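Each chain, written out:
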Amino acid sequence: MGAYVIRRLLQMVPMLLGASLLIFVVIRTAPGDPLAAMVDPQMDPQKVEEMRARLCLDCPLLVQYGHWLGEVLRGNLGTSIRFQMPVARLIGERLGPTILLGIASCAVTYLIGIPLGVVTAVRRNTWVDWTVSTLAFALLSVPAFFLGLLLLKLFALGRLRLFPSSGMMTPGADYQGMAAALDVASHLVLPALALGLSGVAGLVRYVRSSMLEVLRQDYVRTARGKGLSEKRVIYQHALRNGLIPVVTLVGLTLPEIVGGAILTESIFLWPGVGRLTYTALLERDYPVLMALNLLFAAMVMLGSLLADVGYALVDPRVRYD
């Protein structure tokens, strides 16, 4: 296993280089000028050109890429054109809220999706199965950002007003300790539900399919033939094996946890990486976009590796050596 992990990590290096080159070319050749949002339209054109030269925006693409790659290898992700601060520091400030939101949304997805998937498999072709399946397909057709707007209307801007509508903390409040944690939790509920519920539908169908296959296995029939209770057969024998494929999904959710959700964070004004990505896209902030896309690519590759390793750990039949 150790040799496999090292081999996969080494393979990630050329893959990241190729991904960075592709991302760089796409971003730099897209229409628009990043200086348009920074400079005064009345500024002297000569000063604008001097600023463009200082940022290396007038160099050939390969020269720009080589300059950027050299700085990255030195540990310098550049300076944000829009925010005028180091990109590493900017992303670091936004990464914590995004990870918090990602973990909360994953908790919603798995705590709701797995039990519902098991129930629909055990009660196949009953009204419970049909009802849950219908709701799951309905959720599949609703984008997360639209679900977020509905939650805002129902629980923040409507008559109920149970939760805050935006931000991560109450503006102007000076909460400390448990009060601060509860304030953050109240702001976290709606965006976490919007992201989490959108993932429930797919997980329910996935768990249901896996459990139906496991329930047809010989060892399940043997356990029932020994006189074990149905509850014990389901939760101690079938469920443990039925969730083995689901373990791989945990690793694949890593990019979602780190990458955040652009539209959802923008709707709820959540100060995370997703909202930063949206701002960088609007402002043509090349250094921030490059760093974020490189981070997302690394998380996709690392998530895939963790999924493979997790599958081998829970299923002794899988060997990578």
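Please refer to the structure higher up on the page.
This is a predicted model, so every value here is computed, not measured.

Q: Hey, could you run me through the packing of helix H8 (residues 218-225) against helix H9 (residues 230-242) in this one?
A: Relative placement of two packed helices is described by the angle separating their axes and the distance separating the axes. The geometry of H8 relative to H9 is characterised by a closest axis approach of 10 Å and an angle of 160° between their N-to-C directions. Overall, the two elements H8 and H9 adopt an arrangement that is roughly antiparallel. In the packing of H8 onto H9, the handedness of the crossing is right-handed. Counted together, Tyr219, Val220, Ala223 and Arg224 of H8 and Glu230, Val233, Ile234, His237, Ala238 and Asn241 of H9 form the full contact between these two elements. Considering only residue class, the contact of H8 with H9 consists of six nonpolar, two polar and two charged.

Q: Is there a simple way to explain the packing of aromatic side chains in this structure?
A: Any pair of aromatic rings gets described here by the distance separating the centres and the angle formed by the planes. Going through the model one piece at a time under the given rule, you end up with three aromatic pairs. A ring pair is formed by Phe24 and Trp68, whose centres lie 6.2 Å apart and whose planes are at 40°; its orientation type is tilted. One end of the pair, Phe24, is in helix H1 (residues 2-29); the other, Trp68, is in helix H3 (residues 61-73), with 44 residues separating them in the sequence. According to the relative accessible area criterion, Phe24 is buried, its value standing at 0%. Among the aromatic residues, those joined into a cluster by ring pairs are Phe24, Tyr65 and Trp68.

Q: Can you help me understand the environment of Ile91 in this one?
A: Tracing the sequence through the fold places Ile91 in helix H4 (residues 87-122). Of the residues examined, Ile91 reaches a relative accessible area of 8% and is grouped as buried. Each C-alpha atom of the pair Ile91 and Ala291 lies 8.5 Å from the other, and the pair is 200 residues apart in sequence. Beyond its immediate sequence surroundings of up to four residues, Ile91 is in contact with Leu276, Ala291, Leu292 and Leu295.

Q: Would you mind showing me how to read the packing of H1 against helix H14 (residues 286-314) here?
A: The interhelical angle for the contact between H1 and H14, taken along N-to-C directions, is 150°, at an axis separation of 9 Å. With respect to H14, the axis of H1 lies roughly antiparallel. Both H1 and H14 take part in a crossing whose hand is right-handed. Among the residues making up the contact of H1 with H14, the classes are represented as 20 nonpolar, three polar and three charged.

Q: What exactly am I supposed to notice about the side chain of Arg8 here?
A: Within the secondary structure, Arg8 is located in helix H1. Arg8 sits in the buried class, given a relative accessible area of 17%. Setting aside its immediate chain neighbours within four residues, Arg8 contacts Met301, Ser304, Leu305 and Asp308.

Calculation notes
Residues numbered from 1 in each chain as written. Predicted model: local features only at pLDDT ≥ 70, side-chain atom pairs only at ≥ 80, totals over all residues. Heavy atoms only, no water. Axes fitted to C-alpha atoms, helices over the stretch in contact; angles between N-to-C directions. Helix = DSSP H or I, 4+ residues; strand = E, 2+ residues; numbered from the N terminus. Parallel < 35°, antiparallel > 145°, perpendicular 65-115°, else oblique. Left-handed = near helix turned anticlockwise from the far one by under 90°. Contact = heavy atoms within 4.5 Å. Nonpolar A, V, L, I, M, F, W, Y, C, P; charged D, E, K, R; others polar. Phe/Tyr/Trp six-rings, centres within 6.5 Å; stacked < 30°, edge-to-face > 60°. Buried < 20%, exposed > 50% of the residue type's maximum accessible area, 1.4 Å probe, protein only.

That is the geometry; function is a separate question.
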